[in-house]
Amino acid sequence: MKPSRQTVAVIALAVLWGATVLWGIGQLRARRQADVLLQNKYSRAFYETMQRTKNVQALLSKGLVSGSPDQMDAILSDLWYNANSAQENLSQLPVSHDVVARTSKFLSQVGDYAYTLTKSNKTRTLSDKDWGTMQQLYQTSVSLNKEMSMVEQDAAAGAFHWTEVQSGLNRQLSRGSVGSADNSFRKVETQLHELPVLLYDGPFSDHIEQMEPQGLTGSTVTLDQARNIAGDFADLGGATVQQKVLANEVRGKIPSYTIQLRTGNNPSDATTVDVSKKGGHVVSMLNPRTVSAAKLSDDQALARAEDFLRSRGLTGFVPTYTLREQNVSTISFAYKQGNVMVYPDQVKLQVALDNGQVLGYEALGYLTAHHQRAIAPPAFSAAEARTRISPRAQVLSERLALIPTSSKGEVLTYEFETKLGDDVFLVYINAQNGEEEQILKLLNLPNGTLTI
Amino acid sequence: MKFADLRGRPGFLAAWACLVLLLAGTAYYVFGFGAQRPFLPHTGPGVQIQKMAEAAPETNSDNVSLLARVIQGEAGDEPYDGKVAVGAVLLNRMQSSAFPHTLPGVVFQPYAFESVANGLIWTSQPSSDCLRAAIDALSGWDPAHGALYFWNPSKSVNPWVWTRQILTQIGHQIFAR
């Protein structure tokens, strides 16, 4: 018997419906699985943050009471590790940045501070000042943990489900409202409002934020003067400037005019030059034009860069490093005061390898750090310093160099270029006390040349 | 039991609708998810940056391609200095105590960047412009003078960002610290 059209249609529909249901169930399962996976991942970060923050508090209190140098050493390294881990996990939570920023800063500073102490504190017992700082940090960590345990309670009570927090945040991101986890964490942030100002010898110390640029000499320039400075400075490869547009006024550490030199109608025909308001120094220059195949050698590019600096009245610079990338050569120069390389005073230039035009100039670091320094003569001779280097390494060259410390301080060192096997290292030996300050390893160098 | 008459127009329309839905669903399953899958870290077209390795905490060698992707996602339509500035913001965050201290940490911080949150950074290879911008930022160029935040004022953003100190505007984006 031939089945009727009705039966065929019904069976077809039933099969389709069944298939759709199966597909839907599969989807639901997959979604739930993904949901649980994500939930677990965020919960891990959350509980890890909680545990590590508690550890930080415990370790700080141990540090306050410890009298043993060896024990102190272990406590400080533990503190560094736990604070870092807490900060890292905290920043993986799906909450808005503004509700964890301060907690994050506190944890960064505790870790950084502990690391600085392990490095600098040779006797491994705390000075009164350091003990006071640690006391302060301990108190902050106590109130931090008190608030954190409230968040933990909220979490335990099921007040927020990370994946919901996440999808909620997706929506809120545009509206700017807050989710439940955000609310819980916001209380922590409010509690940390009066974070102690921490001054120590590390990269996250509060003094770095407050540093004022030292290289801005001269008097204030007007906008018209700035336009002319920009026009005279830039290497436009023979093109004539049609317009010198004030694109922006920068209100940063170095207040500047951003001048755009337009040589055509395309967006890439605009070279941007930042000129500082004080002194009219060029802070940076960028020419975005496309560079065709390289024709210049590294030496030719270097000669072009040196010519450029000289013609702009920037003298006393020595090239330190060249990087060849995308037909552009980026060359770093450091200032040389007497016979000392001053690494904090760095400018960088970019030379197009198709025609030798200087496309870029960067002096933010130079203008921040540069001043005539009173460099005390070294207490160690180069020969004495050389004995401090591992006898396994072969010394290729040496010179005096002022290098920046992690907290933007400066130390006078001997820079030794050394070789161990196929690897090249720059070893810096403190010229006043003979200590090894820093080791830099030069990475694979096919496109880069170190000038020393 | 009597079925409704399925031989008429409504019955066939319903059958066709089911079929179309099923096909569409299958297509979405097969292709839709396929498009979101490429989480494989492609290495950029031959880009490597050679730099002196700092002792800690981060070397920049493998970061060019990741940085370029974020630049493309966040500032693909912006002028060149706007692209470099976005790259510089990410690097400035690494130096700030309030942010993660590694580039992947900064890039993948939940909701830090829209193009990372919605997967846009994985949809295409970064353009040569974005790669060059990433290299410039890693070499130290910072057109935004130390900014930690940027946003497009024509889009709605968390009102909190307006409490930050605005440093400059490049293209369509405001840069702040």
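Going by the structure above, here's the rest.
What comes next is a walk through the structure. (Residues numbered from 1 in each chain as written. Chains lettered and ligands numbered in written order. Predicted model: local features only at pLDDT ≥ 70, side-chain atom pairs only at ≥ 80, totals over all residues.)

## Here's the deal with the packing of helix H2 (residues 69-90) of chain A against helix H3 (residues 101-120) of chain A
Residue and element names in this part refer to chain A.
Move 1: Viewed as axis vectors pointing N to C, H2 and H3 meet at an angle of 155 degrees, and their least axial separation amounts to 8 Å. One finds that H2 runs roughly antiparallel with respect to H3. At the point where H2 passes H3, the crossing takes the left-handed sense. On the side of H2, the interface is formed by Asp 73, Leu 76, Ser 77, Leu 79, Trp 80, Ala 83, Asn 84, Ala 86, Gln 87 and Leu 90, while H3 contributes Thr 103, Ser 104, Leu 107, Ser 108, Val 110, Gly 111, Ala 114, Tyr 115, Leu 117 and Thr 118.
Move 2: Here the contact of H2 with H3 is built from residues that sort into eleven nonpolar, eight polar and one charged. (Axes fitted to C-alpha atoms, helices over the stretch in contact; angles between N-to-C directions. Helix = DSSP H or I, 4+ residues; strand = E, 2+ residues; numbered from the N terminus. Parallel < 35°, antiparallel > 145°, perpendicular 65-115°, else oblique. Left-handed = near helix turned anticlockwise from the far one by under 90°. Contact = placed C-beta atoms within 7 Å. Nonpolar A, V, L, I, M, F, W, Y, C, P; charged D, E, K, R; others polar.)

## Observations regarding the nonpolar core
Soluble globular proteins: nonpolar side chains tend toward being buried together.
Move 1: Membership of the largest hydrophobic core comes to 99 residues, with the highest contact counts inside it found for Leu 67, Val 89, Ala 134, Ala 147 and Phe 175 of chain B.
Move 2: In this structure Leu 67 of chain B touches Gly 87, Leu 90, Leu 103, Ala 134, Ala 137 and Leu 138 of chain B, once residues within four positions along its chain are discounted.
Move 3: By size, the runner-up hydrophobic cluster in this structure holds 35 residues, among which are Val 56, Leu 117, Met 134 and Leu 137 of chain A. (Core = buried A, V, L, I, M, F, W, Y, C linked by C-beta atoms within 7 Å. Buried ≥ 20, exposed ≤ 12 C-beta atoms within 10 Å, placed from the backbone.)

## Things to note about the pairing of strand E8 (residues 358-362) of chain A
In summary, the side chains of a regular strand alternate between the two faces of the sheet.
Residues and elements named next belong to chain A.
Move 1: Burial analysis of E8 places five of its five residues in the buried class, which makes it a mostly covered element.
Move 2: One ladder, built from four bridges, connects strand E7 (residues 340-352) with E8; its direction is antiparallel. Bridge pairing links Gln 350 to Gly 360 in E8.
Move 3: The antiparallel hairpin formed by E7 and E8 contains five residues in its connecting segment, where Gly 356 sits at a positive phi of about 85 degrees. (Pairing = 2+ DSSP bridges.)

## A short note on the pairing of strand E9 (residues 394-404) of chain A
All names here are of chain A.
Move 1: Where E7 meets E9, three bridges bridge the pair, whose relative direction is parallel. In the strand pairing of E9, Val 340 is matched with Leu 400.
Move 2: Bridging between E9 and strand E10 (residues 410-420) involves ten bridges; their strand directions are antiparallel. Of the residues in E10, the one forming a bridge with Glu 398 is Phe 416.

## Description of the environment of Leu 138 of chain B
All names here are of chain B.
Move 1: Note that Leu 138 resides in helix H6 (residues 128-139).
Move 2: Taking the C-beta count within 10 Å as the criterion, Leu 138 has 24 such neighbours and is therefore assigned buried.
Move 3: Separated by 71 residues in sequence, Leu 138 and Leu 67 place their C-alpha atoms 9.1 Å apart.

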